[in-house]
Amino acid sequence: MPDAAALTALDAFVAKLPKAELHLHIEGSLEPELMFQLAQRNGIDLPFESVEALRAAYDFSNLQDFLDIYYQGANVLRTEDDFYDLGMAYFRRAIDNGVRHAEIFFDPQTHTDRGIPYAFVIDGLWRAVQDAQKLGLSVLLIHSFLRHLSEEAAFDSLKMAEPYLDRLVGVGLDSSEVGHPPSKFARVFAKAREKGLKLCAHAGEEGPPEYIYEALDILHIDRIDHGNRSLEDPALVARIVKAGRTLTVCPLSNHKLCVVKDLDLHPIPAMLKAGLKATINSDDPAYFGGYVNDNYLALTRRGLIGREDVLTLARNSINGAFLDDARKAALLAEIDAYAG
Ligand code: ADE
Ligand code: ZN
């Protein structure tokens, strides 16, 4: 374990290090304070007495436990302004965390299935994206399909996105993983690809290594979200390394959802050692106790990663982004200048 002075210096280094965040669900950045504010603004009764009581309920044994409360929380999002406020709250936090570029998931079906028009969601987020840009943060949007719903529902959702394709960089696949393999969405992902969208899928968070093979071989994804369980299969790790696919890993999420028993055993060091292009991300920061820097610090403070690993992870976040080469080169140069 590094000594206290070295740790303090590393904390300070992480704090302002230029980085990208590639795995963030905007609905998962809804802090309890904003949830209460929006509930009041929209005349909604929350089934919790206070911000503290709500936070106390954030005690999960698995992914489904979390999803149940996360979908309930999203119910306060009703108007275009709500989505704008949600987006801006995250973008300000991201900027404070040294994030220079963010690729954020949003779950349209969570909203359109409650009767909220797709336009409210995308227009509110888009206005926030443009305001973030003025603050120096670039943002790309990823329309995520809920995998516990049908393939037909995903097709319907993609259809709603059609008038707004110029605002989207890609599609994702999230929600309850086990029992809903990537192959269930083969046709809708093929269609998204035809429309020029990038493809991501959550795979190997709770689901088995076979789901990661399916994401690679059947969906032909560009990026793997989580991918923790790839480590159970050395041939799969070799495949991912050879294909050069980036993994968007989320340490605090993994701990809160019991994907890892103990943060001291987090697999990021093993992933880097194996040559995987791992990145560090916050997933659902309002629910898991921290934004992206807290996720780096959860590992540095345990002595699991040092300064060089931190730099590798930040560079991986830029290289794994769906950005053009010029913006990537500019952000990598910022990291080099910062590292000195
Ligand atoms: N939706 C929001 N966060 C998620 C996660 N960690 N896994 C699957 N679906 C999610
Ligand atoms: Zn996620």
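Definitions and limits used
- Residues numbered from 1 in each chain as written.
- Chains lettered and ligands numbered in written order.
- Predicted model: local features only at pLDDT ≥ 70, side-chain atom pairs only at ≥ 80, totals over all residues.
- Heavy atoms only, no water.
- Donors = N, O, S within 2.8 Å, 3.2 Å for Na, K, Ca; no water.
- Tetrahedral: all angles 85-135°; square planar, octahedral: opposite > 155°, others 65-115°.
- Helix = DSSP H or I, 4+ residues; strand = E, 2+ residues; numbered from the N terminus.
- Buried < 20%, exposed > 50% of the residue type's maximum accessible area, 1.4 Å probe, protein only.
- Near = heavy atom within 4 Å.
- Polar contact = N/O pair within 3.5 Å; in protein donor to acceptor, adjacent residues only side chain to side chain.
- Areas by Shrake-Rupley, 256 points an atom, 1.4 Å probe, with all protein chains shown as cover.
- Nonpolar A, V, L, I, M, F, W, Y, C, P; charged D, E, K, R; others polar.
- Axes fitted to C-alpha atoms, helices over the stretch in contact; angles between N-to-C directions.
- Parallel < 35°, antiparallel > 145°, perpendicular 65-115°, else oblique.
- Left-handed = near helix turned anticlockwise from the far one by under 90°.
- Contact = heavy atoms within 4.5 Å.
- Pairing = 2+ DSSP bridges.
- Expected span 1.5 Å × (residues − 1).
- Arc of directions from axis to C-beta.

Visitor: I'm lost on the coordination of the zinc ion (ligand 2) in this one. Help?
Guide: Where a metal carries four tetrahedral donors, each ideal angle is 109.5 degrees; where it carries six octahedral donors, the ideal angles are 90 or 180 degrees. The coordination sphere of the zinc ion (ligand 2), as far as protein atoms go, consists of His23 (NE2), His25 (NE2), His202 (NE2) and Asp283 (OD), spread over 2.0 to 2.2 Å. Each of the four donor atoms around the zinc ion (ligand 2) contributes to a set of angles spanning 83 to 174 degrees, which defines the coordination as irregular. Read from N- to C-terminus, the donor residues coordinating the zinc ion (ligand 2) fall into the pattern H-x1-H-x176-H-x80-D. Note that His202 is positioned in strand 5 (residues 198-203) and Asp283 in the loop between strand 8 (277-280) and helix 14 (285-288), a separation of 81 residues in sequence. Since its relative accessible area comes to 4%, His202 is described here as buried. The buried category is assigned to Asp283, whose relative accessible area is 3%.

Visitor: Help me understand the site of ligand 1 in this model?
Guide: Close to ligand 1 lie His25, Leu63, Phe66, Leu67, Tyr70, Asp174, Ser175, His202, Glu205, His226, Asp283 and Asp284. Glu205 places a side-chain nitrogen or oxygen 2.7 Å from a nitrogen atom of ligand 1. Bound to the protein, ligand 1 loses 100% of the 260 Å² it would expose on its own. In terms of residues, the shell around ligand 1 owes the most to one element, helix 4 (residues 63-73), which gives four residues. Per-class residue counts for the shell around ligand 1 are four nonpolar, four polar and four charged.

Visitor: Please clarify how the packing of helix 16 (residues 307-319) against helix 17 (residues 325-339) should be interpreted in this entry.
Guide: When two helices pack together, their arrangement is captured by the angle between the axes and the distance separating the axes. Between helix 16 and helix 17, whose axes approach to 9 Å, the crossing angle comes to 165 degrees. In this view, helix 16 runs roughly antiparallel relative to helix 17, as classed from their interaxial angle. The chirality of how helix 16 crosses helix 17 is right-handed. Here Arg307, Leu311, Ala314, Arg315, Ile318 and Asn319 of helix 16 lie close against helix 17, whose contacting residues are Lys328, Leu331, Leu332, Ile335, Asp336 and Ala339.

Visitor: Just to check I follow, could you spell out the packing of helix 8 (residues 151-161) against helix 9 (residues 186-194) for this structure?
Guide: The geometry of helix 8 relative to helix 9 is characterised by a closest axis approach of 9 Å and an angle of 20 degrees between their N-to-C directions. In terms of axis orientation, helix 8 runs roughly parallel to helix 9. The two elements helix 8 and helix 9 meet at a crossing, and its hand is right-handed. Packed against helix 8, whose contacting residues are Glu151, Ala154, Phe155 and Leu158, the element helix 9 presents Arg187, Val188, Lys191 and Ala192 at the interface. Of the residues in the contact of helix 8 with helix 9, the class split is five nonpolar, no polar and three charged.

Visitor: I tried to follow the sheet that holds strand 4 (residues 168-174) on my own but got confused; where do I start?
Guide: Paired through their backbone hydrogen bonds, the strands of a sheet run either parallel or antiparallel. Taken in spatial order, the eight strands make up an open sheet running 1-2-3-4-5-6-7-8, and their pairing is parallel. Only two strands of the sheet have a single neighbouring strand rather than two, namely strand 1 (19-25) and strand 8. The average angle at which neighbouring strand axes cross in this sheet is 25 degrees, direction not considered. As judged from the five bridges shared by strand 1 and strand 2 (residues 99-106), these two strands associate in the parallel manner. Bridged to Glu21 within strand 2 is Ala102. Contacting strand 1, strand 2 and strand 3 (138-146), helix 5 (residues 80-96) crosses the sheet at an angle of about 145 degrees to strand 2. Relative to the sheet, helix 16 contacts strand 1 and strand 8, its axis offset from that of strand 8 by approximately 100 degrees.

Visitor: Help me understand the environment of Ala102, please; the structure alone is not making it clear to me.
Guide: Looking at where Ala102 falls in the secondary structure, it is placed in strand 2. Residue class for Ala102 comes out buried when judged on its relative accessible area of 0%. Residues Ala102 and Asp336 lie 234 residues apart in sequence; the distance between their C-alpha atoms is 19 Å. Residues within four places of Ala102 in sequence aside, it is in contact with Glu21, Tyr90, Leu137, Ser138, Val139 and Leu140.

Visitor: I'm lost on helix 1 (residues 4-16) in this one. Help?
Guide: Side chains that are three or four residues apart share a direction in an α-helix, a result of its 3.6 residues per turn. Compared with an ideal rise of 1.5 Å per residue, which puts 13 residues at 18 Å, helix 1 spans 19 Å between its outermost C-alpha atoms and is within 8% of the ideal. What helix 1 keeps buried is the set Leu7, Leu10, Asp11, Phe13 and Val14. Buried residues of helix 1, viewed axially, fall in a sector of 165 degrees; they line one side. Residues of helix 1 that are exposed and angled more than 90 degrees away from the buried face: Ala5, Thr8 and Lys16. Summarising the contacts, the buried residues of helix 1 are in contact with strand 1, helix 15 (292-300), helix 16 and helix 17. Where helix 1 starts, the residue carrying a side-chain oxygen 3.2 Å from the main-chain nitrogen of Ala5 turns out to be Asp3.

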